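Observations on the model geometry
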Amino acid sequence: MEKERLVRVFDRQAAKYESNKESSNLTKWRRALLSQAEGEVLELAVGAGANFPYYPPDVNITAADFSKEMLAAARKKAANYHIQAKWVCADIEKLEFEPDSFDTIVSTLSFCCYENPLEMLKKVQCWCKPDGKILLFEHGKSSNIFVSGAQRVLNPLLYKMIGCHQTRDILNLVHESGLAVQRAESHWLNMFHMIWASPEKGFSCQKNR
Ligand SMILES: C[S@@+](CC[C@H](N)C(=O)[O-])C[C@H]1O[C@@H](n2cnc3c(N)ncnc32)[C@H](O)[C@@H]1O
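Each chain has its residues counted from 1, following the order in which its sequence is written. Note on the predicted model: pLDDT of at least 70 is required for a residue's local features to be given, and 80 or more for side-chain atom pairs to be given and counted; whole-chain, interface and lining totals, by contrast, use all residues. Note: side-chain values were computed over all heavy atoms of the structure, leaving out hydrogens and water.

**Description of the state of the cysteines**
Here, two cysteine sulfur atoms that lie within 2.5 Å of each other are counted as a disulfide. Here the structure, examined in full by the defined rule, presents 1 disulfide. Sulfur-sulfur distance for the disulfide between C126 and C205 comes to 2.3 Å. Its S-S torsion of approximately 115 degrees makes the covalent link between C126 and C205 right-handed. Within this pair, whereas C126 is found in helix α4 (residues 117–127), its partner C205 is found in the segment after β7 (192–198), the two being separated by 79 residues in sequence. As far as the burial class goes, C126 and C205 line up, both buried. The thiol sulfur of C112 is not disulfide-bonded, and the nearest other cysteine sulfur, from C164, lies at 3.6 Å. Owing to a relative accessible area of 1%, C112 belongs among the buried residues under this scheme. The thiol sulfur of C113 is not disulfide-bonded, and the nearest other cysteine sulfur, from C112, lies at 3.6 Å. The numbering of helices and of strands both runs from the N terminus, where a helix is a DSSP run of H or I of at least 4 residues and a strand a run of E of at least 2. Think of it in three bands: with a 1.4 Å probe and only protein chains considered, a residue is buried below 20% of the maximum accessible area for its type, exposed above 50%, and partly exposed in between.

Spelled out as structure tokens, the structure:
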């Protein structure tokens, strides 16, 4: 889908994301991941700020998203949690930050959206300090063949409607990207993955451009 159209798809969903009451499992997973964030944090595709309640109080957040409506919702949520973030309204796949800019890079439920998720994982490793943290909570293809069959069939429709691919093999993408994974957990028929990682040892931004 063209990027402008994808932005509109997410703009239209901002109110729904803003009022969404998440399940206790999602809350638990977000808390477990976000409690590990520290220092200068980049949150990719912040959406309506669903992670803001779970950050430790002393982090400095840069929040990026290409949807103005999502960012407007995220700003409201940030104010509720006394978070002073830097806001970046841009296509993250086109963004450039200096290498080693962040202590922590967070993505929750965003790798379903990118045109080139593998390239994005390389960018993340470049922007993160070598001893920094990369915290991911992502959804993708189930390991259950009946569920993954349904995901494959529904994928074109769901991508058009909500902008998310359902069939990404997240663990394989992470493996291919070379990320150094310290801990990983999979849930709900292996559709949801939590990953605590760092950039690959000796990762070179130049080689991966
Ligand atoms: C499924 S939502 C997840 C939002 C939030 N991270 C969460 O956990 O609730 C995906 C978000 O990614 C944003 N997004 C998708 N592709 C993007 C891109 N290329 N650049 C910037 N933001 C993007 C959308 O606008 C949307 O806010």
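**Some words on the side chain of D91**
With respect to the element layout, D91 can be found in the loop between β3 (86–89) and β4 (102–108). On the basis of relative accessible area, D91 is assigned to the buried category, the value being 16%. Here K3 takes part through its side chain, which lies 2.9 Å from a polar atom of the side chain of D91. Here a residue-residue contact requires only that any non-hydrogen atoms of the pair lie within 4.5 Å. Discounting residues that sit within four places of it in the chain, D91 has contacts with K3 and F66. A 3.5 Å cut-off defines polar contacts: any pair of N or O atoms within that distance qualifies, except that in protein one atom must be a possible hydrogen donor and the other a possible acceptor, and neighbouring residues in sequence count only when both atoms are side-chain atoms.

**What about the environment of E2?**
Note that E2 resides in the segment before α1 (3–19). E2 sits 168 residues away from I170 along the chain, and the two C-alpha atoms are 23 Å apart.

In short, geometric facts, not functional conclusions.
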